[in-house]
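# Structural description and commentary
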Amino acid sequence: MPSPRIEIHYCTQCRWLLRAGWTAQELLTTFGDALGEVALVPQVGGVFAIYVEGDLVFDRKTEGRFPEMKEVKQLVRNKIAPDMKLGHSDSAVKSQADVAVKTEEAEGDSCPNY
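I will try to describe carefully the structure that is included in this document. (Residues numbered from 1 in each chain as written. Predicted model: local features only at pLDDT ≥ 70, side-chain atom pairs only at ≥ 80, totals over all residues. Heavy atoms only, no water.)

Time to look at helix α1 (residues 17–31). With 15 residues, α1 should cover 21 Å at 1.5 Å per step; its first-to-last C-alpha distance of 21 Å lies within 8% of that length. Along α1, the residues classified as buried are Ala20, Thr23, Ala24, Leu27 and Phe31. Down the axis, α1 shows its buried residues gathered within 100° of arc, on one side only. Seen from the open side of α1, the exposed residues pointing more than 90 degrees away from its buried face are Leu18 and Thr29. Where α1 is buried, its residues meet β1 (5–11), β2 (37–43), β3 (48–52) and α3 (69–80). Of the residues one or two after α1, Gly32 is the one with positive phi, at around 45°. (Helix = DSSP H or I, 4+ residues; strand = E, 2+ residues; numbered from the N terminus. Expected span 1.5 Å × (residues − 1). Buried < 20%, exposed > 50% of the residue type's maximum accessible area, 1.4 Å probe, protein only. Arc of directions from axis to C-beta. Contact = heavy atoms within 4.5 Å.)

As structure tokens, this is what we get:
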């Protein structure tokens, strides 16, 4: 079976390349040889979405926020290696209430164009 492909779609107008690059680096570090490819896909329109083998696993517009890195790792792990242990990244993701407060405080996370 070929190794899985991860795509990180990010908005160039919003300048989210660094966030996308960091996400790719974290996934490559965590999953190593279990991944075949991590692709950064530049787009416009406030997009920040993560796909595993063509399946959408996270979309910023749908969720109304950016994902926590441990959440990204859990979502990817669940698709490519469900039995893999992630150590501290296996702990629960913050509640939506905590995320909502953090999102309101993080003005820099929104795209001024969208």
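This next bit is on unusual backbone geometry. When glycine is set aside, most residues are seen to have a negative phi, and most peptide bonds are trans. Positive phi outside glycine occurs at Arg15, with the angle close to 60°. With respect to the element layout, Arg15 can be found in the loop between β1 and α1. In this structure, Glu53 takes a positive phi of about 55° despite not being glycine. We classify Glu53 as partly exposed; its relative accessible area is 48%.

As a further point, take the packing of α1 against α3. For any two helices packed against each other, one specifies the crossing angle of their axes together with the interaxial distance. Remark: α1 packs on α3, axes separated minimally by 11 Å, with the N-to-C direction vectors making an angle of 50°. Judged on the interaxial angle alone, α3 and α1 are oblique. The handedness of the crossing between α1 and α3 comes out as right-handed. Judged by residue contacts, Trp22, Thr23, Glu26, Leu27, Thr30 and Phe31 of α1 engage Met69, Val72, Lys73, Val76, Arg77 and Ile80 from α3. Its residues placed into classes, the contact of α1 with α3 shows seven nonpolar, two polar and three charged. (Axes fitted to C-alpha atoms, helices over the stretch in contact; angles between N-to-C directions. Parallel < 35°, antiparallel > 145°, perpendicular 65-115°, else oblique. Left-handed = near helix turned anticlockwise from the far one by under 90°. Nonpolar A, V, L, I, M, F, W, Y, C, P; charged D, E, K, R; others polar.)

These figures capture arrangement, not role.
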